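If you want the building blocks of each chain, they are given just below.
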Amino acid sequence: GGHLLLARILKEEGRCAESAAAFDAGIDLARRSGVRAQPDDYLDRARCRAAQGDEAAVDEALRGLDEGLAD
């Protein structure tokens, strides 16, 4: 939960790259502990990735949304 809280704070501060990394860690830890991350966690991570603006980041955002759908 701490990583996801940090990710939300970083997102609000406009620090999208750091926020996306914190979302990655939080979602991964949730999955490994048998807890599902919330849909908003996947959406916020995708928004942060897409905000970085380059094509690779947008592709990563889309992969992350697919990951959320699979979860």
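What comes next concerns the included structure. Worth saying up front: this structure is predicted, and the values here are computed from it rather than measured. (Residues numbered from 1 in each chain as written. Predicted model: local features only at pLDDT ≥ 70, side-chain atom pairs only at ≥ 80, totals over all residues. Heavy atoms only, no water.)

## Considering a nonpolar patch on the surface
Move 1: The grouping of Leu43, Val58, Leu62 and Leu65 at the surface amounts to a nonpolar patch, some 290 Å² of accessible area in total.
Move 2: By residue number, the principal contributor to the nonpolar patch is helix H4 (residues 55-70), which donates three residues. (Patch = residues over 30% accessible without salt bridge, like charges linked within 9 Å, V, L, I, M, F, W, Y side chains within 5 Å. Areas by Shrake-Rupley, 256 points an atom, 1.4 Å probe, with all protein chains shown as cover. Salt bridge = Lys/Arg side-chain N within 4 Å of Asp/Glu carboxyl O. Helix = DSSP H or I, 4+ residues; strand = E, 2+ residues; numbered from the N terminus.)

## Observations regarding helix H2 (residues 16-32)
Move 1: Spanning 17 residues, H2 covers 24 Å between terminal C-alpha atoms, matching the ideal 24 Å at 1.5 Å per step.
Move 2: Among all positions in H2, only Ser19, Ala20, Ala22, Phe23, Gly26, Ile27 and Ala30 are buried. Viewed end-on, H2 has its buried residues packed into an arc of 165 degrees, placing them on one side of the element.
Move 3: Against the buried residues of H2 lie helix H1 (2-12), helix H3 (39-51) and H4.
Move 4: In the stretch just after H2, Gly34 is the one whose phi turns positive, near 85 degrees. (Expected span 1.5 Å × (residues − 1). Buried < 20%, exposed > 50% of the residue type's maximum accessible area, 1.4 Å probe, protein only. Arc of directions from axis to C-beta. Contact = heavy atoms within 4.5 Å.)

## Structural notes on the pattern of salt bridges
Move 1: This model, assessed by the stated rule, comprises 13 salt bridges.
Move 2: Across the pair Glu12 and Lys11 runs a salt bridge, and its minimum N-O distance is 3.7 Å.
Move 3: For Glu12, a relative accessible area of 64% gives the class exposed.
Move 4: Look at Lys11 and you get partly exposed, because its relative accessible area is 26%.
Move 5: Sharing partners across several salt bridges, the network here consists of Asp24, Arg31, Arg45, Arg49, Glu67 and Asp71.

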